[in-house]
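Residue-level structural notes
Single-letter residue listing:
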Number of protein chains: 2
Amino acid sequence: MKSAKQIILRLFQYREFLMRAKSIGIKNVYSDTLAEALGSTATQVRKDFSLFGITGNKRAGYKLDDLLSQLSELLGKNQKQKIIIAGAGNLGKALMQYDGFKKEGIEIVALFDNDPVKVNIESSPPILPIERLFEFIGKNKINLGVIAVPYFAAQQMLDLMILAGIKGVLNFAPISLKSPKDFFINDINLRLELETVAYFIKPLKQED
Amino acid sequence: MKSAKQIILRLFQYREFLMRAKSIGIKNVYSDTLAEALGSTATQVRKDFSLFGITGNKRAGYKLDDLLSQLSELLGKNQKQKIIIAGAGNLGKALMQYDGFKKEGIEIVALFDNDPVKVNIESSPPILPIERLFEFIGKNKINLGVIAVPYFAAQQMLDLMILAGIKGVLNFAPISLKSPKDFFINDINLRLELETVAYFIKPLKQED
DNA sequence: ACAGTAATGTGAAATATTTCACATTACTGT
DNA sequence: ACAGTAATGTGAAATATTTCACATTACTGT
Ligand SMILES: NC(=O)c1ccc[n+]([C@@H]2O[C@H](COP(=O)([O-])OP(=O)(O)OC[C@H]3O[C@@H](n4cnc5c(N)ncnc54)[C@H](O)[C@@H]3O)[C@@H](O)[C@H]2O)c1
Ligand SMILES: NC(=O)c1ccc[n+]([C@@H]2O[C@H](COP(=O)([O-])OP(=O)(O)OC[C@H]3O[C@@H](n4cnc5c(N)ncnc54)[C@H](O)[C@@H]3O)[C@@H](O)[C@H]2O)c1
């Protein structure tokens, strides 16, 4: 099984749509429905399912509840996920205040910062001094971290997290981090994502 | 020329690294240097360049300044880019306060919100009432927008932006938006990005 | 001056991903 | 009861992307 990041992201998107469809009372969907919703194709949808052994009903599409539970199981959404965030700046706090994680079983259990002004053990989740990161990860068996510190602090933060037992991170620092092969890093560089849009909307010169 | 989003993103990453390398006094780089820096391969780097007609010096790699200016030209970084943000919530404000855009020629000229409490025409950039979005885009010839409103408001926001003359958006709302074919949308769903990491660090069952 | 070599640049091969084409199947309607 | 059909599921084909292999070239060192 390859499970490239792309396919997994699509499976999450299918699930996302299905949950919304369920909430408005829909009971059955077709590969076509999913395709339409994501701007993809019906074949793509069925191929994705086929790759993971997810099946529907010939002629009658997919029972929404069944499909949803198959996807949830596959994607590991039946377990809760605790995460910590390194860096309680603009982005760290935006994530902290976002209310969309909880209902998907993602709990931000703490943020960490080296700026005493940012520290606030009373907030929910608490913002703790960075010195407590290592111990906290171990004690609470956290395996997923978010890196929202400036780029020059990102590698040391990652090293510390790895040492403490973290297995994968979502990294917002605009720098390519080094890690062991079995460690999973998902890099998101928001500025580059913005610049990419800018590139594609530029009037083309003589490209063909 | 295909110019898939992926390649363009890599070109931006090369540029990113080169700027940092330049700042520490490096004058020459090799495809190997770039590959190492991004966790890619030297062939990939040269192939990417080759596809866009970027050339170096056989045997002597690339002169950093030359390469940088070729990439900058190609990626359209010689022009400034003005952008607006719809939604001055957690994420909109995080972007507003981020200081890394300006030095890359990206200027957030205004945010827009329908919550009077959020509006602040004195801030820099100003947070304006949503009613002014349409007129503002037209007057200031903005062609790039960011969607940072809740998902239920995202499509109407996009429609409005398109009507006003926007050519592409970075969309944070967790929903697949409909737009004309020649309109460019870059979707970023932060929750799914986090869930993807969670998926990959799960102890595998019997996948092979 | 020139041999050795370490780099680029790029077709071709390999691999990954998407799309096509169609056999299979179960529902629907009479 | 059964013919028609509208859907799935999936090998095979097509396409896209990455990697290989190596000819070319210009620098380096003597
Ligand atoms: N905010 C954005 O819109 C945006 C856009 C693109 C990229 N990014 C990147 O995301 C990351 C976070 O951005 P931000 O805007 O939240 O930055 P920020 O400066 O607002 O916050 C960074 C936080 O990290 C803390 N910090 C610094 N060094 C630390 C250390 N060694 N240990 C612990 N904490 C430390 C700081 O005290 C601060 O609170 C940065 O790498 C930034 O380049 C952010
Ligand atoms: N903050 C995060 O970490 C995070 C994570 C994942 C996804 N998202 C997505 O990003 C988007 C923004 O998230 P956020 O956390 O900033 O949300 P938020 O609720 O903090 O901010 C949304 C803002 O949009 C404004 N708004 C609502 N309807 C509007 C309308 N019709 N016109 C103009 N303004 C309107 C609200 O007043 C608010 O200020 C949302 O779609 C959210 O689902 C955010």
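Structure first, text after, so check above.
Now for a quick tour of the structure. None of the values given here were measured: they were computed from a predicted structure. (Residues numbered from 1 in each chain as written. Chains lettered and ligands numbered in written order. Predicted model: local features only at pLDDT ≥ 70, side-chain atom pairs only at ≥ 80, totals over all residues. Heavy atoms only, no water.)

**Considerations on the environment of Thr 43 of chain B**
Residues and elements named next belong to chain B. Counting through the fold element by element, Thr 43 comes out in helix α3 (residues 42-51). Note on Thr 43: relative accessible area 52%, which makes it exposed. Along the sequence, Thr 43 and Ser 31 sit 12 residues apart, while their C-alpha atoms lie 7.4 Å from each other. (Helix = DSSP H or I, 4+ residues; strand = E, 2+ residues; numbered from the N terminus. Buried < 20%, exposed > 50% of the residue type's maximum accessible area, 1.4 Å probe, protein only.)

**Digging into the site of ligand 2**
Around ligand 2, the structure places 26 residues, and the nearest of them are Tyr 98 of chain A together with Leu 91, Asp 113, Lys 118 and Val 149 of chain B. Flanking ligand 2 are residues from chains A and B. Between ligand 2 and Asn 114 of chain B, the relevant distance is 3.2 Å, taken from a nitrogen atom to a main-chain nitrogen or oxygen of the residue. Between ligand 2 and the protein, one listed contact pairs an oxygen atom with a backbone N or O atom of Phe 172 of chain B at 3.4 Å. Protein burial of ligand 2: of its 820 Å² of free accessible surface, 88% is covered by the chains. Of all the secondary structure elements, the ones that give two or more residues to the shell around ligand 2 are α5 (90-97) of chain A together with α5 (90-97), α7 (151-164) and α8 (190-201) of chain B. When residues in the shell around ligand 2 are grouped by element, the largest group, 4 residues, is from α7 of chain B. Looking at side-chain class alone, the shell around ligand 2 contains 17 nonpolar, 5 polar and 4 charged residues. (Near = heavy atom within 4 Å. Polar contact = N/O pair within 3.5 Å; in protein donor to acceptor, adjacent residues only side chain to side chain. Areas by Shrake-Rupley, 256 points an atom, 1.4 Å probe, with all protein chains shown as cover. Nonpolar A, V, L, I, M, F, W, Y, C, P; charged D, E, K, R; others polar.)

**As for the pattern of salt bridges**
One pass over the structure, following the stated rule, counts 20 salt bridges over all chains. Here Glu 135 of chain A ties to Lys 139 of chain A by a salt bridge, and the two come within 3.1 Å at their closest N and O atoms. Of this pair, Glu 135 of chain A and Lys 139 of chain A both sit in helix α6 (residues 133-140), 4 residues apart, roughly one helical turn. When the shortest N-O distance is used, the salt bridge between Glu 16 of chain B and Arg 191 of chain A registers 2.7 Å. In this pair, Glu 16 of chain B is assigned in helix α1 (residues 5-23) and Arg 191 of chain A in helix α8 (residues 190-201), connecting two distinct chains. Looking at Glu 16 of chain B, the relative accessible area reads 8%, which means it is buried. Each of Glu 16, Arg 20 and Lys 77 of chain A together with Arg 191 and Glu 195 of chain B takes part in a single network of salt bridges with overlapping partners. (Salt bridge = Lys/Arg side-chain N within 4 Å of Asp/Glu carboxyl O.)

**A word on the protein's contact with DNA strand C**
Taken together, 24 residues form the shell around DNA strand C, and within it Arg 59 of chain A together with Ser 31, Arg 46, Gly 56 and Lys 58 of chain B come nearest. The contact atoms of DNA strand C, taken as those within 4 Å of the protein, divide so that sugar and phosphate hold 55%. Separating a phosphate oxygen of DNA strand C from a side-chain N or O atom of Arg 10 of chain A is a distance of 3.2 Å. Arg 46 of chain B has a polar side-chain atom sitting 2.6 Å from a base nitrogen of DNA strand C.

**Structural notes on the side chain of Asn 171 of chain A**
Residue and element names in this part refer to chain A. Residue placement: Asn 171 occurs in strand β7 (residues 168-171). Looking at Asn 171, its side chain comes within polar contact range of the main-chain oxygen of Ile 175, at 3.5 Å. With residues up to four places along the chain from it excluded, the contact list for Asn 171 reads Ile 147, Leu 177, Ile 185, Asn 186, Asp 187 and Ile 188. (Contact = heavy atoms within 4.5 Å.)

Purely spatial values, then, with no claim about function.
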